[in-house]
Amino acid sequence: MTQQVFDGLRATSIRDLSAKAGETVLVQGWLYNLRSKGKLHFLLLRDGTGIAQAVVFAGNVPPEMFEAAGRLTQESALRVIGTVRRDERAPGGAELDVSKVDIVSIAEPYPLGKKDHGPDFLLSHRHLWLRSRKQAAILRIRDEVIRAIRGFFHERGFYCVDSPIFTPSACEGTTTLFSVPYFDEQTAYLSQSGQLYGEASAMALGKVYVFGPTFRAEKSKTRRHLTEFWMVEPEAAYYDLDDVMSLAEDFVSRLVSRVLENRMEDLKELERDVKKLEPAASTPYPRVTYTDAVKLIHAAGHTDFPFGEDFGAPHETAIGSNFDRPVMVHRWPAAIKAFYMKRDPLDQALALGVDMIASEGYGEIVGGAQREDDIRLLEERIKEHQLPMEAFEWFLDLRRYGSVPHGGFGLGLERTLAWICGVEHLRECIPFPRMLYRIYP
Ligand code: 4AD
Ligand code: MG
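Here goes a summary of the coordinates provided. All figures in this text were calculated on a predicted structure; none of them were measured in a lab.

1. Here we look at helix α12 (residues 393–400)
Point 1. By the burial criterion, the buried members of α12 are F395, L396, L398 and R399. Projected down its long axis, α12 carries its buried residues within an arc of 140°, all on one side.

2. Re the site of ligand 1
Point 1. Around ligand 1 sit 24 residues, and of these E172, Q195, R216, E233 and E364 come closest.
Point 2. Residue Q195 places a side-chain N or O atom 2.7 Å away from a nitrogen atom belonging to ligand 1.
Point 3. Bound to the protein, ligand 1 loses 94% of the 630 Å² it would expose on its own.
Point 4. Secondary-structure elements contributing two or more residues to the shell around ligand 1 are β13 (228–237), β18 (363–370) and β19 (406–412).
Point 5. At 5 residues, the largest contribution of residues to the shell around ligand 1 is made by β18.
Point 6. By residue class, the composition of the shell around ligand 1 is 8 nonpolar, 8 polar and 8 charged.

3. Brief notes about the pattern of salt bridges
Point 1. Within the structure shown, the criterion is met by 41 salt bridges.
Point 2. Here R85 and E95 are joined by a salt bridge, their closest N and O atoms 3.2 Å apart. Separated by 10 residues along the polypeptide, R85 in strand β6 (residues 77–86) and E95 in strand β7 (residues 94–105) bring together distant segments of the chain.
Point 3. What makes R85 partly exposed here is its relative accessible area of 33%.
Point 4. Across the salt bridge formed by D397 and R400, the nearest N and O atoms sit 2.8 Å from each other.

Parameters and conventions
Residues numbered from 1 in each chain as written. Chains lettered and ligands numbered in written order. Predicted model: local features only at pLDDT ≥ 70, side-chain atom pairs only at ≥ 80, totals over all residues. Heavy atoms only, no water. Buried < 20%, exposed > 50% of the residue type's maximum accessible area, 1.4 Å probe, protein only. Helix = DSSP H or I, 4+ residues; strand = E, 2+ residues; numbered from the N terminus. Arc of directions from axis to C-beta. Near = heavy atom within 4 Å. Polar contact = N/O pair within 3.5 Å; in protein donor to acceptor, adjacent residues only side chain to side chain. Areas by Shrake-Rupley, 256 points an atom, 1.4 Å probe, with all protein chains shown as cover. Nonpolar A, V, L, I, M, F, W, Y, C, P; charged D, E, K, R; others polar. Salt bridge = Lys/Arg side-chain N within 4 Å of Asp/Glu carboxyl O.

Worth remembering: the numbers are spatial, not functional.
Here's what the structure looks like:
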């Protein structure tokens, strides 16, 4: 048995229709919309790969079939057999002249109608909202970006390693840890970043990347924060801050070009102004020091911004608006950066960290650094940050046995997608978002 063959025809994906002009094909999917006019029904079909119009003419099908097609409700499941007609104006470039409609199931009245729903209603129906055209387009772009991520690192000789989700300690500060009861009254924390394990793996394999879900108990209810998000984190031995920045710009520009090459239809569906995205497909990306970035903030009118503080969203927007592509801000005040960052040998007050800020107000998409490779200094930092030394003994071992200069970064997948897709809120860039007040469905 197979569900892929019906009436002797193997199913065709809607995205492949335009290449099959003149052929009789089977399409299996769901009804997106129905319009009727006299002896014609226009069925808008979706199958996940695209949307196509199937035209049912009363003269081409038995009367019962014509009548049943006219009673189909939104999201009813159906198979359609028809002949492909190329039509430049049609979505996907082709239409079907239907010779058979096979109804698989009739949908109950669909809760997501054509009218505008509020974000809360949509999020509570996220399991259905995913079927809408824009949401499906975002998910396809997400898939494209994930494949580009893996392809990029594979080509560059980075090995994929997986870091644990249950961890014994913090990586990115203790205020955003989710704790989970672990056996015998121990506490585990959901991983905030795979970086520390990436560092261990880089000492074993040279160049690696970690790619998985990360968790932050962010109490902030902003459009840029999720409590569960995906991060890809390359880490490489014998890399300094400049190597990290070069890798980051090559990487991000590749992700953008892949989407521009392969998902233009979806960008159109999202009404993305691709002219604004195109410059980011080329390198180099501008690099400015934190000190110069503060000058840009002041020049943009935020004259009260104090040197030494972390940037808020308006400050990132002010910096980003000076450039047509993402900008890398490097050499940060050490006091506001993580314990593992190496100090600038030319100025001990600065950390060799870098943030990449996307254009058009999308904010930070990458955070990275050259790591502290001196065991004595690293121990000092752990104490300064009041982190439990015992939990980091294994991490200190990496400096005891063959310590080398090394570095890496983390790119937030959903932040990057929000920018590439031009969507306002991160919550649309992950299939099932987790936020401060949202864990259903
Ligand atoms: O800047 P962050 O905190 O850096 C790290 O975690 C490093 N350990 C990474 C590394 O060097 N291996 O986070 C990296 C990126 C941010 O730039 C942002 O894109 C994303 O992760 N991010 C979030 N995305 C969604 N929701 C949140 N709450 C996020 N917090 C960080
Ligand atoms: Mg950061």
